[in-house]
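Spelled out, the chains give:
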Amino acid sequence: MANAASGMAVHDDCKLKFLELKAKRTYRFIVYKIEEKQKQVIVEKLGEPAQSYEDFTASLPADECRYAVYDFDFVTAENVQKSRIFFIAWCPDTSRVRSKMIYASSKDRFKRELDGIQIELQATDPTEMDLDVIRSRAS
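Computed from a predicted structure; not experimentally measured. (Residues numbered from 1 in each chain as written. Predicted model: local features only at pLDDT ≥ 70, side-chain atom pairs only at ≥ 80, totals over all residues. Heavy atoms only, no water.)

Regarding the nonpolar core
As a reminder of what qualifies: In this text, buried Ala, Val, Leu, Ile, Met, Phe, Trp, Tyr and Cys residues form a nonpolar core when linked through side-chain atoms within 4.5 Å. Throughout, exposure labels follow a simple rule: accessible area from a 1.4 Å probe, protein chains only, divided by the maximum for the residue type, with under 20% read as buried, over 50% as exposed, and the rest as partly exposed.
By size, the foremost hydrophobic cluster in this structure holds 21 residues, and its most contacted members are Tyr32, Val41, Tyr67, Val69 and Phe110. With 18 residues, the next largest nonpolar core counts Tyr53, Ala68, Phe86 and Trp90 among its residues.

Considerations on the pairing of strand S5 (residues 81–90)
This is how it is decided: Here, any two strands with at least 2 DSSP bridges between them count as paired. Numbering of helices and strands runs from the N terminus, with a helix taken as a DSSP run of H or I at least four residues long and a strand as a DSSP run of E at least two residues long.
As defined by bridge partners, strand S4 (residues 66–75) adjoins S5 across ten bridges and the pair is classed as antiparallel. Looking across to S5, one finds that Ala68 is bridged to Ile88. From the end of S4 to the start of S5, which pair antiparallel, there are five residues, and Asn79 there has a positive phi angle of about 65°. Examined bridge by bridge, S5 and strand S6 (residues 119–123) share five bridges and lie parallel to one another.

Observations concerning the packing of aromatic side chains
Stated formally: Between 30 and 60 degrees the pair is tilted, below 30 it is stacked and above 60 it is edge-to-face, where a pair is any two Phe, Tyr or Trp rings, Trp via its six-membered ring, whose centres lie within 6.5 Å.
On inspection of all chains with the given rule, the structure shows eleven aromatic pairs. Aromatic side chains Phe72 and Phe86 sit 6.2 Å apart centroid to centroid with 80° between the ring planes, which places their arrangement in the edge-to-face category. Pair noted here: Phe72 is in strand S4 and Phe86 is in strand S5, with a separation of 14 residues, a long-range link. Accessibility expressed as a relative area gives 0% for Phe86, which makes it buried. Members of the aromatic cluster, joined through ring pairs, are Tyr32, Tyr67, Phe87, Tyr103 and Phe110.

Examining the environment of Val41
What counts here: In this description, contact between two residues means that some pair of their heavy atoms is separated by no more than 4.5 Å.
Among the secondary structure elements, Val41 is positioned in strand S3 (residues 40–47). Note on Val41: relative accessible area 1%, which makes it buried. As a C-alpha pair, Val41 and Phe56 span 15 residues in sequence and 19 Å in three-dimensional space. Apart from the residues within four sequence positions on either side, Val41 is in contact with Met8, Ala9, Val10, His11, Cys14, Tyr32, Lys33, Ile34, Tyr67 and Phe110.

Comments concerning the pattern of salt bridges
Applied cut-off: A side-chain nitrogen of Lys or Arg and a carboxyl oxygen of Asp or Glu constitute a salt bridge if their distance falls within 4 Å.
Applying the stated criterion across every chain yields a total of twelve salt bridges. The partner of Asp73 in a salt bridge is Arg25, with the nearest N and O atoms 2.5 Å apart. With a gap of 48 residues between them, Asp73 in strand S4 and Arg25 in the loop between helix H2 (12–24) and strand S2 (29–35) connect regions that are remote in the sequence. For Arg25, a relative accessible area of 37% puts it in the partly exposed group. Taken together, the salt bridges that share partners define one network made up of Arg25, Arg28, Asp71 and Asp73.

Right, here's the structure in full:
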């Protein structure tokens, strides 16, 4: 089990789309999915720059694990416009045990492929990643 999970490949698209989000700000968010049959992480959904945080959270399935990257814009207390790139490991309590194990054991390796992650968040239900949590972690 651990060998199968830790041997998870990362599709080139995952890194390319992340670089576009980071450098060109082409996307607001990216949702990644592990294809168990092909044993690789793939891009499932891309969020347009105009999409909101609510659009992002709505794109995460209620009972399946996912990895996601979110580009969060905010203004500091000093009135400075800033941005933070969040890596979110979404593993709802209602997802399958096998799925949780695969996502947990592949997370660090996958995250290393995405150079430029600033903040990591682990969430098992929507309250653990609501906008207030994101805001408090960003500043």
